Amino acid sequence: MVWWNLKIASTQFSLETNSFEIYLSGCNGAPKCQGCHNAELWDFDVGAEYNEKMVTRIKNKLFRFSKLINKIFILGGEPLDQNIEELESLLNALSETKKEIFLFTRYNLNKIPENIKQYCDYIKCGKYIKNLETQDNIQYSIKLATSNQKIYKKGLDY
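What you see is a predicted model; the values in this text were computed from it and never measured.

Student: Run through the overall build of the protein chain, naming residues and quoting values.
Tutor: Tallying secondary structure elements over the protein chain gives three helices and nine strands in all. The N-to-C order of helical and strand elements in the protein chain reads β-β-β-α-β-α-β-α-β-β-β-β. Here the C-alpha atoms of the protein chain give a radius of gyration of 15 Å, agreeing with the 15 Å that 2.2 N^0.38 yields for 158 residues. Projected onto its principal axes, the C-alpha coordinates of the protein chain cover approximately 40 × 35 × 25 Å.

Student: Requested: an account of a nonpolar patch on the surface, with residues and values cited.
Tutor: Residues Phe13, Leu15, Phe65 and Leu68 make up a contiguous nonpolar surface patch of about 380 Å² in total accessible area. On the secondary structure map, Phe65 appears in the loop between helix H1 (52-64) and strand S4 (71-75).

Student: Let's hear about the layout of surface pockets: which residues, and what values?
Tutor: There is about 750 Å³ of room inside the largest pocket. In terms of lining residues, the largest pocket is bounded by 34 residues, among which His37, Leu75, Phe104, Lys124 and Gln149 are the most central. Within the residue set of the lining of the largest pocket, elements represented by two or more residues are strand S2 (19-24), S4 and strand S8 (142-146). Residue composition of the lining of the largest pocket, by class: 14 nonpolar, twelve polar and eight charged.

Student: Help me get a handle on the pattern of salt bridges, residues and values and all.
Tutor: By the definition in use, this model includes six salt bridges. A salt bridge links Lys7 to Asp45; the nearest nitrogen and oxygen atoms lie 4.0 Å apart. With Lys7 in strand S1 (residues 7-14) and Asp45 in the loop between S2 and strand S3 (48-49), this residue pair connects regions lying 38 residues apart in the sequence. Note that Arg106 and Asp81 form a salt bridge whose closest N and O atoms lie 3.1 Å from each other. Within this pair, whereas Arg106 is found in the loop between strand S5 (100-104) and helix H3 (114-117), its partner Asp81 is found in the loop between S4 and helix H2 (84-95), the two being separated by 25 residues in sequence. The pair Arg106 / Asp81 is uniform in exposure class, with both members buried. Within this structure, Glu78, Asp81 and Arg106 form a network of salt bridges that share partners.

Student: Can you tell me about H1, naming the residues and giving the values?
Tutor: Spanning 13 residues, H1 covers 18 Å between terminal C-alpha atoms, matching the ideal 18 Å at 1.5 Å per step. All buried positions along H1 are accounted for by Met54, Val55, Ile58, Lys59 and Leu62. One face of H1 carries all of its buried residues, which in axial projection span an arc of 130°. In H1, the exposed positions angled more than 90 degrees off the buried face are occupied by Lys53 and Arg64. Buried-residue contacts for H1 involve S1, S2, S3, S4 and H2. The N-cap residue of H1 is Asn51: its side-chain oxygen and the backbone nitrogen of Lys53 are 3.1 Å apart.

Cut-offs applied
- Residues numbered from 1 in each chain as written.
- Predicted model: local features only at pLDDT ≥ 70, side-chain atom pairs only at ≥ 80, totals over all residues.
- Heavy atoms only, no water.
- Helix = DSSP H or I, 4+ residues; strand = E, 2+ residues; numbered from the N terminus.
- Rg over C-alpha atoms; globule rule 2.2 N^0.38 Å.
- Patch = residues over 30% accessible without salt bridge, like charges linked within 9 Å, V, L, I, M, F, W, Y side chains within 5 Å.
- Areas by Shrake-Rupley, 256 points an atom, 1.4 Å probe, with all protein chains shown as cover.
- Salt bridge = Lys/Arg side-chain N within 4 Å of Asp/Glu carboxyl O.
- 1 Å grid on protein atoms, 1.4 Å probe; cavity = no way out; pocket = protein on both sides within 12 Å on 5 of 7 lines; lining within 4 Å.
- Points joined across faces, edges and corners; volume = space filled by probe spheres on them.
- Nonpolar A, V, L, I, M, F, W, Y, C, P; charged D, E, K, R; others polar.
- Buried < 20%, exposed > 50% of the residue type's maximum accessible area, 1.4 Å probe, protein only.
- Expected span 1.5 Å × (residues − 1).
- Arc of directions from axis to C-beta.
- Contact = heavy atoms within 4.5 Å.
- Polar contact = N/O pair within 3.5 Å; in protein donor to acceptor, adjacent residues only side chain to side chain.

Written out as structure tokens, the structure reads:
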């Protein structure tokens, strides 16, 4: 049972991927991924607590910059180590934007709850493993850091 509330550490635009990135704080991974690109987000106390006001601000940004954004990336920390009900609420609100939603997780596809999968158009699975780093694992125009990582597409893979 998760006792903490979902916290959003930061958001940013990426013109490289035409995406709006939402970073959630907190990761229960043990051991932690050596070389993690967001080690500062392992702590569950980073960022602001998820609430309706925050969702409204995020949606307003998405609508205001709609022509620049095709995708929404949910990253961490580890999104699936969050309060799952609040994560589902966030994904539901984001689905109203009609943008493709990408979930980035270390978990295998079969470990992702169906109520979360239903909102995700793509799910990147696989833990970052430093000795499997690669420059040529590109899937759905997304460069993945290690060869064990895979992106699954809704309707095709799940």
